[in-house]
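Architecture and fold: a report
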Amino acid sequence: MTLGKPRSSTPYDPKAVEARLYERWEHNGYFHEEPDPARPPFIICMPPPNVTGRAHLGHASTYTPMDVLVRYHRMLGDNADWLPGTDHAAIATETVLIRELAREGTSREQLGRARYLERAWEWSRTYGGEIDRAFRILGFGPDWQRSRFTMDEGLSAAVRRVFVTLYRDGLIYRGKRLINWDPAAKTTISDAEIEHEEREGVLWYVRYPICASARTGRRDLKRPSAHAERDYIVVATTRPETMLADVAIAVHPADERYKSFVGKTVLAPPLLAREIPIIADASVDPAFGTGAVKVTPAHDAADYEIGLRHHLPMPSVLDQEARVHANDLDVGAYAGLDRYEARERIVAALREEGLLVREEPHHHAVAVSERTGEVIEPLLSEQWFVRMAPLAQRALEAYRAGRLRFFPERYGRTYEQWLENIRDWNISRQVWWGHQLPVWYTSKGEILVAETEEEAQQIAQQRYKTRELTRDPDTLDTWFSSGLWPFSILGWPKATPELACWYPSQVLVTGGEIIFLWVARMVMLGIYVMGEQPFRDVFVTPLVFDAEGRKMSKSLGNVIDPVDLVERYGADAFRVGMLRQFRLEGQEVRFHESRCEEARNFNNKIWNAMRYVLALPESLPDPLTLPQRERLTIVDRWILARLHDTIVDVGRLLASYDIGNLVETIRQFIWNEFCDWYVEATKLDHARETRAAVLCFVLNNAMRLLHPIAPFISEEVWLTLPHDGDTIMTATWPDSQEIPLDREAERRIEETLKPQIVAIRNWRAGQKVPQSERPLVNVSEGAFSAQELELIAHLARVRMQVTPLSGLPTGTRVARISAMAAAVIEDPDVELRRLTKERERLHAEVERGERKLANTQFVANAKPDVVAKERQKLETYRNELARVERALDEVVKSA
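Quick summary incoming for the structure in this document. Values in this document were obtained by computation on a predicted structure and should not be read as measured data. (Residues numbered from 1 in each chain as written. Predicted model: local features only at pLDDT ≥ 70, side-chain atom pairs only at ≥ 80, totals over all residues. Heavy atoms only, no water.)

As for the overall build of the protein
Regarding its fold elements, the protein presents 29 helices and 29 strands. Its C-alpha atoms give the protein a radius of gyration of 37 Å, clearly above 29 Å, the size a compact globule of 895 residues would have. Relative to its 895 residues, the protein shows a buried fraction of 55%. The long-range fraction of contacts in the protein, counting pairs at least 24 apart against all pairs at least 6 apart in sequence, stands at 77%. In the structure as shown, the protein presents an accessible area of about 39600 Å², 48% of it carried by carbon and sulfur atoms. If you average the places of the 116 positive and of the 131 negative side-chain charges in the protein, the two averages end up 2 Å apart. (Helix = DSSP H or I, 4+ residues; strand = E, 2+ residues; numbered from the N terminus. Rg over C-alpha atoms; globule rule 2.2 N^0.38 Å. Buried < 20%, exposed > 50% of the residue type's maximum accessible area, 1.4 Å probe, protein only. Contact = heavy atoms within 4.5 Å. Areas by Shrake-Rupley, 256 points an atom, 1.4 Å probe, with all protein chains shown as cover. Lys, Arg positive; Asp, Glu negative; His and termini not counted. Charge placed at Lys NZ, Arg CZ, Asp CG, Glu CD.)

Observations regarding the packing of helix α12 (residues 410-420) against helix α17 (residues 515-530)
In contact at an axis separation of 11 Å, α12 and α17 are set at 75° when each is read in the N-to-C sense. If you check the angle between α12 and α17, you find them roughly perpendicular. Listed contacts from α17 to Tyr 411, Thr 414, Tyr 415, Trp 418 and Leu 419 of α12 are Ile 515, Phe 516, Ala 520, Val 523 and Met 524. Its residues placed into classes, the contact of α12 with α17 shows nine nonpolar, one polar and no charged. (Axes fitted to C-alpha atoms, helices over the stretch in contact; angles between N-to-C directions. Parallel < 35°, antiparallel > 145°, perpendicular 65-115°, else oblique. Nonpolar A, V, L, I, M, F, W, Y, C, P; charged D, E, K, R; others polar.)

Considering the pairing of strand β7 (residues 194-209)
Direction of pairing for β7 relative to strand β13 (residues 356-369): antiparallel, over a ladder of 13 bridges. Paired with His 196 across the strands is Ala 367, a residue of β13. Bridge analysis of β7 against strand β8 (residues 232-237) gives six bridges, and the strand direction is antiparallel. Residue Pro 209 lies in a different strand from β8, and its bridge partner there is Tyr 232. (Pairing = 2+ DSSP bridges.)

Thoughts on the sheet that holds β8
The sheet built from three strands is open, its strands ordered β8-β7-β13 with antiparallel pairing. Of all the strands in the sheet, just β8 and β13 have a single pairing partner and so form its edges. Across the sheet, the mean angle separating the axes of adjacent strands is 20° when strand polarity is ignored.

Observations regarding empty space enclosed by the protein
It is a probe the size of a water molecule, rolled over the atoms, that shows where empty space is left. Under the defined criterion, the tally for this structure stands at four cavities of 30 Å³ or more. Counted as a void, the largest cavity has a volume near 60 Å³. For the lining of the largest cavity, the secondary-structure elements that each account for two or more residues are α21 (634-655), α22 (659-681), α25 (743-767) and α26 (786-796). Top contributing element to the lining of the largest cavity by residue count: α25, with four residues. In this structure, the second largest cavity spans a volume of roughly 40 Å³. For the second largest cavity, the full set of lining residues is Thr 633, Val 635, Asp 636, Tyr 678, Ala 681, Thr 682, His 686 and Ala 687. If you list the elements that add at least two residues to the lining of the second largest cavity, you get α21 and α22. Considering only residue class, the lining of the second largest cavity consists of four nonpolar, three polar and one charged. (1 Å grid on protein atoms, 1.4 Å probe; cavity = no way out; pocket = protein on both sides within 12 Å on 5 of 7 lines; lining within 4 Å. Points joined across faces, edges and corners; volume = space filled by probe spheres on them.)

What to know about the packing of aromatic side chains
All told, the structure shown has 29 aromatic pairs when counted by the stated rule. With a centroid separation of 4.9 Å and 20° between ring planes, the pair formed by Trp 418 and Phe 516 is classed as stacked. Of the two residues, Trp 418 sits in helix α12 while Phe 516 sits in helix α17, which places them 98 residues apart along the sequence. Arranged with centres 6.1 Å apart and planes meeting at 5°, the rings of Phe 602 and Trp 671 form a pair that is stacked. With Phe 602 in helix α20 (residues 594-614) and Trp 671 in helix α22, this residue pair connects regions lying 69 residues apart in the sequence. Assigned by exposure class, Phe 602 and Trp 671 land together as buried. (Phe/Tyr/Trp six-rings, centres within 6.5 Å; stacked < 30°, edge-to-face > 60°.)

What to know about the pairing of strand β27 (residues 799-802)
Across four bridges, strand β26 (residues 776-779) lies against β27 in parallel orientation. Paired with Val 779 across the two strands is Val 802, which belongs to β27.

Some words on the sheet that holds strand β15 (residues 405-407)
Here three strands make up an open sheet; going across it, the order is β15-β23-β22 and the pairing parallel. In this open sheet, the two strands that pair with only one neighbour each are β15 and β22 (505-511). On average, each strand axis in the sheet is inclined to that of its neighbour by 20°, with strand direction left out of account. Here three bridges tie β15 to strand β23 (residues 535-541), and the two strands are oriented parallel to one another. Bridge assignment links Phe 406 to a residue of β23, and that residue is Val 538.

Some details on the side chain of Ser 156
Looking at the secondary structure, you find Ser 156 in helix α7 (residues 153-168). One polar contact links the side chain of Ser 156 to the main-chain carbonyl oxygen of Met 151, over a distance of 3.4 Å. In this structure Ser 156 touches Thr 150, Met 151 and His 435, once residues within four positions along its chain are discounted. (Polar contact = N/O pair within 3.5 Å; in protein donor to acceptor, adjacent residues only side chain to side chain.)

Observations regarding helix α9 (residues 301-310)
If you check which residues of α9 are buried, you get Asp 303, Tyr 304, Ile 306 and Gly 307. Down the axis of α9, the buried set is contained in an arc of 160°. They therefore lie on one face. Taken together, the buried residues of α9 touch β5 (172-182), β11 (275-280), β12 (292-295) and β14 (377-386). The backbone nitrogen of Ala 302 lies 3.0 Å from a side-chain oxygen of the residue at the head of α9, namely Asp 300. Directly after α9, the chain includes His 311, whose backbone phi takes a positive value near 55°. (Arc of directions from axis to C-beta.)

Considerations on the packing of helix α11 (residues 389-400) against α12
Packed helix pairs are characterised by how far apart their axes lie and by the angle those axes make with each other. Packing of α11 against α12 brings their axes to within 10 Å, and their N-to-C directions diverge by 155°. Comparing their axes, α12 and α11 come out roughly antiparallel. Considering only the axes of α11 and α12, their crossing is left-handed. In this structure, α11 contributes Ala 392, Ala 395, Leu 396, Tyr 399 and Arg 400 to the contact, and α12 contributes Gly 412, Arg 413, Tyr 415, Glu 416, Leu 419 and Glu 420. Residue classes in the contact of α11 with α12 are distributed as six nonpolar, one polar and four charged. (Left-handed = near helix turned anticlockwise from the far one by under 90°.)

Structure (structure tokens):
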């Protein structure tokens, strides 16, 4: 047994505890684990944050539950490890580097690829590590000795192996497809990396003249009169600049307005130099605009699908700079213009030619890059893709068979729907920082895919009789390497003990916004490479908003740095305050900082309970030693029963990932039941014999329950009280079967004694009885034992007497408290004066509130919430006044 000393008689000071304990934990290797086939594994792969990122509230809300779960399973005795790492964040890092190079008057092309990559590695080393520092401050305990980086050589080897295998299995191909192009980052991005912003735009209604040949049977491309009947069709568009690449007009086949138009041709504005057909397609929304839409397959995703169905040509008029080009079509004087400048000039030309019918405001969603904020340009481009349908099928089977579970379950349905409608994945990116494609080309354009250049040269020599190769400059989508994370960080493709013991892992904890980007791809690639899914459960943590329900952003000035909150309240208080706001089914948290303040008060409550135990005059027993059962008081037996049930509830809540209710359950037990009720009850004389042992036993178990959530204060208290072992981190998890259980004692306290005490406390509060006074309360004979009467008197701050109400002296005045108790009014005059004074005070408050709310100027000018608070206060005062007047009536009647 080891017994520490309280560090201070002042409130708990996290700054004196947290850094000291974390250094001790890390120095002693408590976070590290080795594979052990003899124990059940519990492995969590940390979602790798950006290497140069800074911790934000989203990190805290997602990563804290991981720490909770691993600490819990370590105490269960499992082979538990939390595997950390960071992501190279290709586009984000490259965006910053290119901006920095521009400030220096140079560019990546001028620097050259080799020197640029040296610069990127230097950047990562210089600015990396900040997020790991923040994670340590937050109390996170991953196995830092196993930290990996997605650009590590081992992980890079895994990326090359999987790419080559997929290619040779026919699941990776190169093709010209419509992709999302970010003109600012100069790269393709995936659908999942796009945000849709609601913006105010313009909807232009444009006349497309019907060709004379369609009306007369002659091929006559002269522009008809804008006023001739049925000699044009009107189309609505938000993007006039892409009219240069229109290849058709589409209408719904059931739209009666346009049935006679289908099959005819029109002249494409603004140049009126090309004849394009009017076609029918069921994807057209007859309610949008005029019900007729222009089809531009090279610059719109929906139009691209129409183009495929109708075998339409797909000319492009915008390049990677988002400027008009003439590579595929004659674009006249618009060549070289920026897309927005081209838009303005085309609209002006349409207006001048009498082809612009009208323009009207239009609120619509605009696709922008989440990294750069630039409006995305759909472009036809030669890129590398993964054929997803065969991979998705097995990932769907895992979910439908129940082998893959989501918490909350509704995310499983989201996962299923996405996989059912999956499209091929564009994996090539036009950035230099990242995993370069293991692809080489001969001078004639033949493709070679190999893990190394030497292997590619050998294949080229065998097939094409050449060793002169050029490597593809593109890199892989960051999510490709992240998709291999669960097995690549365990050493694959090598056969390692970690891979044998720790794949698959047990749970993935992540945010709902990356189910498509990351979760589904890990499942697909894990099954493809390893033959089984990479984890059993997916726990989706909620999105965190500010207290007003707004998304946190720099522009709103509402971004919260969790490290700042730790500085103010301590890591434990931040963790408890944040996690307490979680609800499993409610996937939005409106973060209230006040919960961190409440958690700080909770820590002080625990600290004071520890100081009370240490200050007991009797010596403290060995850890986890209880007196014989028959010596336990009724309150001892009650708190042990409550501890038993709390252990059971906590285990159930952890198993279902119900973190918010988990925190609330532990907090309720420690604060309300242990501190407010049991600790107070041990101050009675009859409790002295057993209190030291039971207090130490319960507080020891409570700290072990609390440890995964609040690791620092639980360790400090555990180390200070009698304990076994060097750290609470490796202490055993509380076992409910080792707790003596007395349901009869529990029922007596919960159903009889506590209701009586609460009733008396409520009566005291209602009557405004000063804390210094101990009024006399009468109870019926035989209702309570002597120890119970002593308990009620102490906890309710009253004096007790046992006499039937009928046996009280004549003229005794009483106030009924409950069916079993009544307060004896010993001096009616004093009571009358006290209640009269209180009535006067409340009457004055009611009058003040009524005058304020009768002031129309105040009601009109004050903020609505201020007026609402005044109305609430007035209602409270009125209710209090009515209660005091009833109490006065009782005293007067009894007189």
